[in-house]
Each structure stands twice: as C-alpha cells, then as structure tokens.
Amino acid sequence: MIGNTIIGMLIPLLLGAWILRRHYRFLVLYYPLGVAVSACINSIGFNFFWNILPNTRNQSFAALPMDLGIYPITGCIMMYMIQVRRTRPWPAIFVSSLLLTLIEWTAKLLGHVVYFNGWNIFWTFWSYFLPFVIAYGYSKVLKMTFPERSGEGSI
C-alpha cells in the first residue's frame, strides 16, 4: 500500500503542483472532477473487471491513492496544456489516455493489476479516454457558463 501511495499519489501530486505552480485554478476546477470520475470508474471496475495489489477487503481502498493522485492530476495537466499551452484538444486527450494506459500496462506486466471478465488493455485505454473527453466537455460548459470578461484571464 505504501508503494501505491508514493507512486500513485505523492509523486503525481508533487509533479502536478510543480507544473501547475502558477496556474492553481486548474487544480481547483478539474481536480474534484477527476477524483469523482476516477472513483466511479474504479468502483465499477473492481466489481466486474479488475483487481490491484495489495488485496484488501474493499478494493477501492487500494486504488484510493491513484484516485487522489495520478488520475486527477493527469486531467489537470491535460487541461492546462489545452487551455494555456494551446495544445489541440484531441491529441492532448489521446496522449494523456495513452500515457495512463502505458503506466497501467506496466503495472499489469509487473503483476500489480489483474484483469478478468474479458477486460483488456484496449478497454483500459477507453476507460481513460472517455473521462478525459468528459473533462474537456466540462471545460466547454464552464466557458459557456462563465464567459471571459475583457482583460481577465480565462477559466
């Protein structure tokens, strides 16, 4: 569990805070969304499609560091790249999804993730891709709901 906490939460949070050090609004706007979506997907997945080490009574507990760390931070950085660095949205979504898929594939090769009921790395990619599309859509709703005022930065 200490490995999940260090690799899944502490390192991503420190890296994310460093990357977003001048743009904390991305953490305020997108971090809670990332935590909520990640927790929902993992709750479904642990019941039907995968397990991770260490085995606990409640598998969601083992994923809590990732739900609070790498998943929402990746979404925050992706939104930063789209909105501040002017990266095109679809390539940013694709690269972010691919990055998390490669990390999970590595964990699977090391035996830390076990798939069942037909789950595979292809479905894993989609389980990252679709939430990032939701986050991008959420950013569009934010812009429509709170339009930019002249001279003040964007959301």
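The preceding data block contains the structure.
Residues numbered from 1 in each chain as written. Predicted model: local features only at pLDDT ≥ 70, side-chain atom pairs only at ≥ 80, totals over all residues. Heavy atoms only, no water.

### Some points on the overall build of the chain
Point 1. Assigned secondary structure in the chain consists of six helices and two strands.
Point 2. Scanning the chain from its N terminus toward the C terminus, one meets helices and strands in the order α-α-β-α-α-α-β-α.
Point 3. Relative to the compact-globule value of 15 Å for 155 residues, the chain shows a C-alpha radius of gyration of 16 Å, a close match.
Point 4. Each principal axis of the C-alpha distribution contributes one length, and for the chain these read about 50 × 30 × 25 Å.
Point 5. A burial count over the chain gives 41% of its 155 residues as buried.
Point 6. Excluding contacts between residues fewer than 6 apart, the proportion of contacts in the chain whose partners are at least 24 apart in sequence is 75%.
Point 7. For the chain, the centre of its 11 positive side-chain charges and the centre of its 4 negative side-chain charges are spaced 6 Å apart. (Helix = DSSP H or I, 4+ residues; strand = E, 2+ residues; numbered from the N terminus. Rg over C-alpha atoms; globule rule 2.2 N^0.38 Å. Buried < 20%, exposed > 50% of the residue type's maximum accessible area, 1.4 Å probe, protein only. Contact = heavy atoms within 4.5 Å. Lys, Arg positive; Asp, Glu negative; His and termini not counted. Charge placed at Lys NZ, Arg CZ, Asp CG, Glu CD.)

### As for the side chain of S127
Point 1. Considering the arrangement of structural elements, one finds S127 in helix α6 (residues 121–145).
Point 2. Within the structure, the side chain of S127 is placed 2.7 Å from the backbone oxygen of T124, a separation counted as a polar contact.
Point 3. In this structure, S127 is in contact with I41 and W119, ignoring residues within four places of it in sequence. (Polar contact = N/O pair within 3.5 Å; in protein donor to acceptor, adjacent residues only side chain to side chain.)

### A closer look at the state of the cysteines
Disulfide: a covalent bond formed between the sulfur atoms of two cysteine residues.
Point 1. Under the defined criterion, the tally for this structure stands at zero disulfides.
Point 2. For the unlinked cysteine C40, the closest cysteine sulfur is that of C76, found at 17 Å.
Point 3. Relative accessible area serves as the criterion here: at 0%, C76 is assigned to the buried category. (Disulfide = S-S within 2.5 Å.)

### Some details on the side chain of N4
Point 1. For N4, the location among the structural elements is in helix α1 (residues 2–19).
Point 2. Classification of N4 as buried rests on a relative accessible area of 15%.
Point 3. When near neighbours in sequence (up to four residues on either side) are disregarded, N4 contacts M9, I52, L53, P54, A62, P65 and M66.

### Regarding the nonpolar core
Point 1. Core analysis: the biggest nonpolar cluster contains 32 residues, and L20, I52, M78 and M79 have the highest contact counts within it.
Point 2. Looking at this core, the elements with two or more residues in it are α2 (25–48), β1 (50–52), α3 (59–68), α4 (70–83), α5 (89–109), β2 (113–115) and α6.
Point 3. The biggest single contributor to this core is α4, with nine residues.
Point 4. Beyond its immediate chain neighbours, meaning those up to four positions away, I52 contacts N4, F46, Q59, A62, A63, M66, H112 and V113. (Core = buried A, V, L, I, M, F, W, Y, C linked by side-chain atoms within 4.5 Å.)

### Examining the packing of aromatic side chains
Point 1. Here the structure, examined in full by the defined rule, presents 16 aromatic pairs.
Point 2. Ring centres of F122 and W123 lie 5.1 Å apart, and the angle between their planes is 70°; on these two criteria the pair is classed as edge-to-face.
Point 3. Here W123 falls in the partly exposed class, since its relative accessible area comes to 42%.
Point 4. Aromatic pair F125 and W126: ring centres 5.7 Å apart, planes at 80°, arrangement edge-to-face.
Point 5. Within the aromatic cluster, the residues linked to one another by ring pairs are W90, F94, F122, W123, F125, W126, F129 and Y136. (Phe/Tyr/Trp six-rings, centres within 6.5 Å; stacked < 30°, edge-to-face > 60°.)

Any functional reading would require information that these geometric values do not contain.
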